[in-house]
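# Remarks on the overall topology
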Amino acid sequence: MRNSWKWWLLLLFASIGLAGWAVSQQVGREPLVYDDEQKGLQNQIIIYFSHVVAENTPKGLAAQKFAELVEQKTDGRVKVEVFPNGSLYSDGEELDALLRGDVQMIAPSFSKVTELVPEWQVLDLPFLFRDEDDVCRVFTGEIGAELLEMLEAKKIKGLALWSNGFKQMMSTTRPLIAPDDFRGLRFRIMPSEVIEKQFRLLGGEPVAVSFDHVYRALEQHEFDGQENTISNIYSKSFYKFQPYITISNHGYLGYAVMMNQAFWDHLPKDIQQKITEAMAEATQWNLQESKAQNERELQQLKRREDVFLYRLSEEEKRKWEQKFAPLYEEFAKRFGARLLDEIRESEK
Ligand code: LMR
C-alpha cells in the first residue's frame, strides 16, 4: 500500500517533467498548424485611409478606387482600409492624427492644409481656375508637384491632388446674386484665411465650422449661408436647409492626398512603386469622375421643387471678381507673385 503511493507520486513528477520539456520544444517555433494564406496575412501591410465626406462623393469614390488598385497591383500584400464620413477622425482632428502616425492616409481639403503650409492659400483664391481643364493641368503638372513637395518639410508625403469640384454659394431665405446680398449674413466656412477674407469683402460674417458639424448647425439655423460643391451639398442634403443655390463656380474644392512620411519611408521600394502607380490611376479617374458626378447631381437638384437654382451671368461674376481683387494683391505681397503667375501661365 505504502509502495503504490510512492509509485503514483513518481509517475506524477515524470508526467509534469515530460509536459514541461514538450512545451519548451515549442517555444519560438511556428505554430504546428499553419498554411500559406495565414502566413501571407501576417505580412500584409494595412493602410488606414480616413476622410470626412460620404462614400458616394468624388473623394469617397476615389479612395475606394485607390484601395482596389493597390490591392490588385500588390496581389493583396497591401490593404487600404477606407474610413469615410469622419468615422475615424473629424476634419479638425485628421491632420494631427496623420502626423502622430495614428492613421496612415488622409485627404483634407486645400483650405485645411493652409494652416500647415500657408503658400497653399493660393488654391483658395476665388476665380483662380476657369474650368476643369485648368484644374487638371495644375493638379497633375509641375505646379501640383511643387505644392506636394512643400509638405515634406512637415513630415508628410504628398501623393496627389484630387478634385471635388467648383464651389457654389447657398443660402436660407433668398438667392445670393449681387455682392450686397451677402451683407450682414452669417456664413459657415472651412478654416482658411483666404475664405474668411473672401466673405468679409462681401460684408458677410464667416465662422469656421468642421464639416461633421455642418448638418447639425444648419438644422439649428446657426447660419444664413455657406459655400460648397454640388456633390457635398447633395450627398449631405444641405439643400434641405439652404435651398437657394447660386451656381457661381467662384472657388475650387480640391484635396491633398497625403501619407505619414515615416510610414512611407519604411515601405519596401517595390510597394512604394505600386502605390505611386495606383495613385496616378486613381487621380486620373477622380478628375473625370468628379466632374461627371457634380453635373449629374446638379441635374438631380434641378428636378427638385424645393430647391431654387440661379446661375450667375458673366456680368454678375465680374462684380464678385472686383470685390475679391484685394485677395490677389495680398497674396502676392505676402508670398510673391511667382506661384500665381505660374498658375496663370499654365492656363493660357
Ligand atoms: C468642407 O469642409 O466643406 C469640405 O472640406 C469637406 C470635404 O472634405 O469635402
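Scroll up to find the structure this text is about.
First, a word on what this report is: a plain description of the structure on this page. As the structure is a prediction and not an experimental result, all values here were calculated from the model. Residue numbers here run from 1 along each chain, matching the order of that chain's written sequence. With the structure being a predicted model, the display of local features is reserved for residues of pLDDT at least 70 and the display and counting of side-chain atom pairs for 80 or more, all residues being used for whole-chain, interface and lining totals. The side-chain figures draw on all heavy atoms in the structure; neither hydrogens nor water molecules are used.

## Some remarks on the overall build of the chain
Under the convention used in this document: Secondary structure elements are taken from DSSP: a helix is a run of H or I of four residues or more, a strand is a run of E of two residues or more, and numbering for both begins at the N terminus. The buried label applies to any residue whose accessible area, calculated with a 1.4 Å probe on protein chains only, is under 20% of its type's maximum; exposed applies above 50%, and partly exposed to all values in between. The contact definition used throughout considers only heavy atoms, calling two residues in contact when any of these lie within 4.5 Å.
A tally of regular secondary structure across the chain gives 14 helices and nine strands. The buried share of the chain, reckoned over its 348 residues, is 47%. Within the chain, contacts between residues at least 6 apart in sequence are counted, and of these 76% link residues at least 24 apart.

## Re the nonpolar core
Heads up, the rule is: What we call a nonpolar core is a set of buried Ala, Val, Leu, Ile, Met, Phe, Trp, Tyr and Cys residues that are connected through their side-chain atoms within 4.5 Å.
Counting 97 residues, the largest nonpolar core has Phe 49, Phe 66, Trp 120, Phe 129 and Trp 162 as its most contacted members. In terms of residue count, strand β8 (residues 244-260) provides more of this core than any other element does, nine residues in total.

## As for the pattern of salt bridges
Let me state the cut-off plainly: Salt bridges are defined by distance alone: a side-chain nitrogen of Lys or Arg within 4 Å of a carboxyl oxygen of Asp or Glu.
Applying the stated criterion to the full structure yields 21 salt bridges. Across the pair Asp 91 and Lys 112 runs a salt bridge whose closest N-O atoms are separated by 2.8 Å. Of the two residues, Asp 91 sits in the loop between β2 (78-83) and α4 (94-100) while Lys 112 sits in helix α5 (residues 110-113), which places them 21 residues apart along the sequence. A salt bridge links Asp 180 to Arg 183, with the nearest nitrogen and oxygen atoms 3.5 Å apart. Sharing partners across several salt bridges, the network here consists of Glu 193, Lys 197, Glu 330 and Arg 334.

## Brief notes about the pairing of β2
Inclusion rule: Strands qualify as paired when DSSP identifies two bridges or more between them. A crossover counts as right-handed when, viewed with the strands pointing away from the observer, the path leading from the first strand over the helix to the second turns clockwise.
The side-chain alternation of β2 yields one buried face, formed by Val 78, Val 80 and Val 82, and one unburied face, formed by Lys 79, Glu 81 and Phe 83. The sheet contact formed by strand β1 (residues 45-50) and β2 spans six bridges and is parallel. Considered in β2, the bridge of Phe 49 is made with Val 82. Handedness of the crossover is the feature at issue here: the chain leaves β1, passes through helix α3 (residues 58-73), returns alongside β2, and the resulting connection is right-handed.

## A look at the side chain of Thr 114
Applied cut-off: A 3.5 Å cut-off defines polar contacts: any pair of N or O atoms within that distance qualifies, except that in protein one atom must be a possible hydrogen donor and the other a possible acceptor, and neighbouring residues in sequence count only when both atoms are side-chain atoms.
The topology assignment puts Thr 114 in the loop between α5 and α6 (132-140). Polar contacts involving the side chain of Thr 114 include one to the main-chain carbonyl oxygen of Ser 111, which spans 2.5 Å. Apart from residues lying up to four places away in sequence, Thr 114 is in contact with Trp 120, Gln 121, Asp 124, Pro 191 and Ser 192.

## Quick look at unusual backbone geometry
Of note in this structure, Asn 85 is not a glycine but carries a positive phi near 55°. One can find Asn 85 in the loop between β2 and α4. Positive phi outside glycine occurs at Ser 237, with the angle close to 55°. Relative to the helices and strands, Ser 237 resides in the loop between α10 (230-235) and β8.

## Thoughts on the site of the ligand
In plain terms, the rule: The cutoff for a nearby residue is simple: one of its non-hydrogen atoms must lie within 4 Å of the molecule or strand. Using the Shrake-Rupley algorithm and a 1.4 Å probe, accessible areas are obtained, with residue cover drawn only from the displayed protein chains.
Lining the immediate surroundings of the ligand are 13 residues, of which Lys 59, Lys 112, Arg 188, Asn 228 and Tyr 255 lie closest. Lys 112 is positioned such that a nitrogen or oxygen atom in its side chain is 2.8 Å from an oxygen atom of the ligand. Here an oxygen atom of the ligand sits 2.8 Å away from a polar atom, N or O, in the side chain of Arg 188. Here the ligand, which alone exposes 270 Å², has 100% of that area covered by the protein.

## Let's talk about the side chain of Ser 171
Among the structural elements, Ser 171 can be located in strand β4 (residues 156-171). Overall, the relative accessible area of 1% leaves Ser 171 in the buried class. Those residues within four positions of Ser 171 in sequence are excluded, and the remaining contacts are Leu 176, Asp 224, Gly 225, Gln 242, Pro 243 and Tyr 244.

## Here's the deal with helix α14 (residues 338-346)
Rule in force here: The arc in question is the one traced by the directions running from the helix axis out to the C-beta atoms.
For α14, the complete set of buried residues consists of Leu 339, Leu 340 and Ile 343. The buried residues of α14 occupy an angular sector of 100° when projected down its axis, which confines them to one face. In this structure, the buried residues of α14 make contact with α6, α7 (142-149) and α13 (314-335).

## Quick word on the packing of α3 against helix α12 (residues 269-302)
Test applied: The axes are straight lines fitted to the C-alpha atoms, using for helices just the contacting stretch, and the angles between their N-to-C directions are given from 0 to 180°. Note that the term roughly parallel is reserved for angles under 35 degrees, roughly antiparallel for angles over 145, roughly perpendicular for angles of 65 to 115, and oblique for everything else. Crossing handedness: left-handed means the near helix sits turned counterclockwise from the far one by under a right angle, and right-handed means the same turn made clockwise. Only Asp, Glu, Lys and Arg are considered charged, only Ala, Val, Leu, Ile, Met, Phe, Trp, Tyr, Cys and Pro nonpolar, and every remaining residue, Gly among them, polar.
Axis separation between α3 and α12 bottoms out at 8 Å; the angle between their running directions is 150°. Accordingly, the angle class assigned to the pair α3 and α12 is roughly antiparallel. The interaxial crossing formed by α3 with α12 has right-handed handedness. Facing α3, whose interface residues are Pro 58, Leu 61, Ala 62, Lys 65, Phe 66, Leu 69, Val 70 and Lys 73, α12 presents Lys 274, Ile 275, Glu 277, Ala 278, Met 279, Glu 281, Ala 282, Trp 285, Asn 286, Ser 290, Gln 293 and Asn 294. Residues of the contact of α3 with α12, tallied by class, amount to 11 nonpolar, four polar and five charged.

## Observations concerning the packing of α6 against α12
Contact geometry for α6 and α12: axes closest at 11 Å, N-to-C directions at 160°. Considered as vectors, α6 and α12 are oriented roughly antiparallel to each other. When you trace α6 past α12, the crossing you get is right-handed. Between α6, through Glu 132, Cys 136, Phe 139 and Thr 140, and α12, the contact on the second element is made entirely by Thr 283, Gln 284, Leu 287 and Lys 291. Its residues assigned to classes, the contact of α6 with α12 shows three nonpolar, three polar and two charged.

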